[in-house]
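Spelled out from the first residue to the last, the chains are:
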Amino acid sequence: MAFSRLLPAAPALAAAMWPVLPTVLLGTICLFLMIGLGIVFPDLGTGYTAAGIVAVTVAAAYGSHARLQRERTLFQVRLVADAAQQVVLSPMPRRCGSLEIESLYLAAAAEARIGGDFYEVADTRFGVRLLIGDVRGKGLPAVGSAAAMVNSFREAAYDVPDLGDLARRLEASSTRYSAAFPPDDLMERFTTALLVEIPHEGGRIGVLNCGHPPPLLLGDGGLRVLESTAPSPLLNLAGLIGDTYSVDVFDVSPGDLLLLYTDGVTEARDHDGTFFPLQDWMRRQTPARPRALLDALHRDLLRYSRGGLDDDIAALAVRVAAATQ
């Protein structure tokens, strides 16, 4: 009798894992098994249990169908997300000339592959140019703005000789993209960005900072914070505060390690709400391969925040090698 009462549960459990046809077949087997038990044991209440098996099987078949539909939809959405990821974050070249470059990306939105942070690298005749930025907001609504910035950089980085003019091209792309949105929302649509140019002959780098966290340079002499003397305007706000862009030049040595990052790194919090001490963390590191540095940063960020990262994170690590002859 106890066994017969469990038969209606079988198709319900099967619906969570099996397609529709196997679920219906299992329900049919349970129905015939119950009828057989009712013939042997007339007092089992076969009619009620059999009716329950039929009702549960029909509901389970519908549930299995709905689950498969959701899985197919989710699969299509993930294909679209993968395509968008290829647009915004193309495969990063691990070496540009004598430079070693590695990247780290973590999206804050649950199940998201990409968010509002972005980066790109271009090996041009002016040198290796790096872009890293952060669109206000996170998740899929910020992906369009990030794509506009990255695509504009890919187009202009190879032709524009001056970093200031390159920033103006990014500003123009951001303005055109934002024009499609309501005017009341334009003040909320801005992007911080950092442009870095590393000439092929080495020895120095140029940095243009549009309201972005300053890069860190780790070398044998310790850690240097590459602060800008005159920060440039945030992208999409030049019409309000001007388009005067300032490029700072810093000396570098072979073996130095350059870290570019978004504010998701420095704003990661522990259980007490304290921000991640990135500069102190960097001072404890030794100039190593870029991949090792980013792996350590990823591990320590997750440990510090106990896996509770609430903002997109992007980082580029570049090892400055000897100048090419």
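Refer to the structure above for everything that follows.
Notes on the structure follow. Predicted model only: the values in this text are computed from it and were never measured. (Residues numbered from 1 in each chain as written. Predicted model: local features only at pLDDT ≥ 70, side-chain atom pairs only at ≥ 80, totals over all residues. Heavy atoms only, no water.)

### Some points on the side chain of serine 145
So, step 1. On the secondary structure map, serine 145 appears in helix H5 (residues 143–156).
So, step 2. For serine 145, the contacting residues outside a window of four places in its chain are Val135, Tyr177 and Arg189. (Helix = DSSP H or I, 4+ residues; strand = E, 2+ residues; numbered from the N terminus. Contact = heavy atoms within 4.5 Å.)

### Concerning the nonpolar core
Among soluble globular proteins, nonpolar side chains are generally buried collectively.
So, step 1. Formed by 26 residues in total, the largest nonpolar core has its most connected members in Ile101, Leu130 and Leu258.
So, step 2. Put simply, the parts of the chain that give this core at least two residues each are strand E2 (99–106), strand E3 (117–124), strand E4 (127–135), strand E5 (191–198), strand E6 (204–210), strand E10 (257–261) and strand E11 (313–319).
So, step 3. Setting aside anything within four residues of it in sequence, one finds leucine 258 in contact with Leu130, Val196, Ile205, Pro215, Leu216, Leu217, Leu226, Leu316, Ala317 and Val318. (Core = buried A, V, L, I, M, F, W, Y, C linked by side-chain atoms within 4.5 Å. Buried < 20%, exposed > 50% of the residue type's maximum accessible area, 1.4 Å probe, protein only.)

### Some remarks on the sheet that holds strand E1 (residues 95–96)
So, step 1. Taking strand neighbours across the sheet as the criterion, the six strands line up as E1-E2-E11-E10-E7-E8 in an open arrangement whose pairing is antiparallel. The two strands at the open ends of the sheet, each matched to only one other strand, are E1 and strand E8 (222–225).
So, step 2. Relative to E11, E10 is paired through five bridges, and the arrangement is antiparallel. When the sheet's bridge partners are listed, leucine 259 is paired in E11 with alanine 317.
So, step 3. Along the sheet face, helix H10 (residues 290–305) touches E2, E10 and E11 and points at about 20 degrees away from the line of E2. (Pairing = 2+ DSSP bridges. Axes fitted to C-alpha atoms, helices over the stretch in contact; angles between N-to-C directions.)

### A closer look at a nonpolar patch on the surface
So, step 1. A cluster of nonpolar residues, Phe32, Ile35, Ile39, Val40 and Phe41, forms a patch on the protein surface that exposes about 550 Å² of accessible area.
So, step 2. In this fold, phenylalanine 32 is placed in helix H3 (residues 20–40).
So, step 3. Phenylalanine 32 sits in the exposed class, given a relative accessible area of 57%. (Patch = residues over 30% accessible without salt bridge, like charges linked within 9 Å, V, L, I, M, F, W, Y side chains within 5 Å. Areas by Shrake-Rupley, 256 points an atom, 1.4 Å probe, with all protein chains shown as cover. Salt bridge = Lys/Arg side-chain N within 4 Å of Asp/Glu carboxyl O.)

### Quick notes on unusual backbone geometry
So, step 1. Positive phi is not limited to glycine here, since asparagine 236 has a value of about 80 degrees.
So, step 2. By the element assignment, asparagine 236 lies in the loop between E8 and helix H7 (238–241).
So, step 3. Since its relative accessible area comes to 13%, asparagine 236 is described here as buried.

### Some words on the pattern of salt bridges
So, step 1. Applying the stated criterion across every chain yields a total of 14 salt bridges.
So, step 2. A salt bridge links glutamate 100 to arginine 95; the shortest N-O distance between them is 3.6 Å.
So, step 3. With relative accessibility at 12%, the residue glutamate 100 sits in the buried group.
So, step 4. Given the relative accessible area of 48%, arginine 95 is considered partly exposed.
So, step 5. One salt bridge connects aspartate 165 with arginine 168, and the closest N-O pair in it is separated by 3.0 Å. In this pair, aspartate 165 and arginine 168 are both assigned in helix H6 (residues 163–178), three residues apart and thus about one turn of the helix distant.
So, step 6. Judged by its relative accessible area of 37%, aspartate 165 is partly exposed.
So, step 7. Assessed through its relative accessible area of 33%, arginine 168 is described here as partly exposed.
So, step 8. Through salt bridges with shared partners, a single network forms among Arg95, Glu100, Arg289 and Arg319.

### A closer look at H10
So, step 1. Helix length check: H10 (16 residues) gives 22 Å between terminal C-alpha atoms against 22 Å at 1.5 Å per residue, within 8%.
So, step 2. Residues of H10 that are buried: Pro290, Leu293, Leu294, Ala296, Leu297, Asp300, Leu301 and Ser305. All buried residues of H10 lie within an arc of 160 degrees about the axis, which places them on one face of the element.
So, step 3. Phi turns positive, to about 55 degrees, at arginine 306, one or two residues after H10. (Expected span 1.5 Å × (residues − 1). Arc of directions from axis to C-beta.)

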